[in-house]
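# Coordinates in review
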Amino acid sequence: MIVQDTTPDTAARPPAGTATPPATPPSASHERRRAWDEVPRWQIYLPLGIYLLFTLVPFYWVLLFAVRPAGSTSLVPWPMTTEHFEKVWNERSFATFFQNSLLIGLATLVTTTVVALAGGYALARFDFRLKKGFMLALLCSQFVPGALLLVPLFQIFANLRMINSLGSVIIAETVFQLPLSMILISGFIKNVPYSLEEAAWVDGCSRFTAFRIVVLPLLRPGLVAVGSFAFVHSWNHFLFALMFLSSQDKQTIPVGLNTLMGADSVDLGALAAGGVIAAVPVVIVFAFIQKWLVTGFSAGAVKG
């Protein structure tokens, strides 16, 4: 004999007189996801493909001239040759240019990072008179082109007898990079809670020790961003090296590339090989630090 339970399901149904709650509306993220899924894929991939084409074709063209034999008109780099690289590296003193550019880039990286770290900490942690005016001056200095600084810098370096010295270019590059670097580091330090330093002070640490142990490890993305930006800018900068360095054994790669272009003719193979040599360090730097670079710039721009 089967007994059926006729007890009403009060848990499943609301009591009489109670309005049924409306269905939960979809979230905004769900709506955006559904709108994204409804977009045809060709509308996304076609613009990206066109952009990629315009970006990669010039690089392929440079590589083609760099590894293609002289006089060849083939669009496929075969057979490949290294004669252009050997020519610019040995005959056109690109080995010396590379060494000078590397020395200037590394020295600018270190000096810019250290000075910007000290200045950024002062801007982030201390309140002083005319602080806002100083920050405004740093921002306004970014609108001053480097060409306007050539005459006063040349006069200063001439009085200090630093013309035709790599130190003059290092100082000029560091001064040119400091305003933006200090602003970025300052914004990044503001994102580090001040209570962490206070806790270290309570434990007996000095301000410098607390900064070194607590704050500095958290600034790694910002330091990578500032250092890489300073290195790449000094590596590619042409104007300061051209004006402050006169002898060939002190020249940098950008100036060396300019010497490959004659008044009547241009050796395209040698120029392309020199361009590849100049681009390789920058590509390697960005390939290894792109994640740190994006994180550092975005974090430093949150609180400026």
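One numbering rule holds for all chains: residues counted from 1, following each sequence as written. Totals for whole chains, interfaces and linings use every residue, but because this is a predicted model, local features are given only for residues with pLDDT of at least 70 and side-chain atom pairs only at 80 or more, for both listing and counting. Computation of side-chain values covers all heavy atoms of the structure but excludes hydrogens and water.

### Describing a nonpolar patch on the surface
- Residues W42, L46, I50, L53, F54 and V57 make up a contiguous nonpolar surface patch of about 670 Å² in total accessible area.
- Looking at the element boundaries, W42 is found in helix α2 (residues 42-67).
- Remark: exposure states derive from per-residue accessible area (1.4 Å probe, protein chains only) relative to the maximum for the residue type, with buried under 20%, exposed over 50%, and partly exposed in between. With relative accessibility at 55%, the residue W42 sits in the exposed group. Exposure above 30% relative accessible area and the lack of any salt bridge qualify a residue for a patch; like charges then connect within 9 Å, and the nonpolar side chains Val, Leu, Ile, Met, Phe, Trp and Tyr within 5 Å. All accessibility values rest on the Shrake-Rupley procedure with a 1.4 Å probe; residue burial counts only the protein chains present in the view. Here a salt bridge means any side-chain nitrogen of Lys or Arg lying within 4 Å of a carboxyl oxygen belonging to Asp or Glu. Counting from the N terminus, the helices are the DSSP runs of H or I reaching at least four residues and the strands are the DSSP runs of E reaching at least two.

### Things to note about helix α6 (residues 150-159)
- Residues of α6 that are buried: L150, L153 and F157. All buried residues of α6 lie within an arc of 70 degrees about the axis, which places them on one face of the element. Along α6, the residues that are exposed and aim more than 90 degrees away from the buried face are V151 and N159.
- Here, two residues are considered to be in contact whenever any of their heavy atoms come within 4.5 Å of each other. Among the structural elements, α7 (166-190) and α11 (239-244) are those in contact with the buried residues of α6.
- Taken from the residues just after α6, R161 is the one with a positive phi, measuring 55 degrees. As used here, the arc is the angular range of directions from the helix axis to the C-beta atoms.

### Examining the packing of aromatic side chains
- Pairing of aromatic rings covers Phe, Tyr and Trp, the last counted by its six-membered ring, and requires centre-to-centre distances within 6.5 Å; plane angles under 30 degrees mean stacked, over 60 mean edge-to-face, and any other angle means tilted. Within this structure, the stated rule accounts for twelve aromatic pairs.
- For the pair W89 and F98, a centre-to-centre distance of 5.8 Å together with 55 degrees between the ring planes defines the contact as tilted.
- The partly exposed category is assigned to W89, whose relative accessible area is 34%.
- For the pair Y121 and F126, a centre-to-centre distance of 6.0 Å together with 75 degrees between the ring planes defines the contact as edge-to-face.
- On the basis of relative accessible area, Y121 is assigned to the buried category, the value being 9%.
- Put simply, the rings of F154, F157, F176, F240 and F244 touch in pairs and so form one group of aromatic residues.

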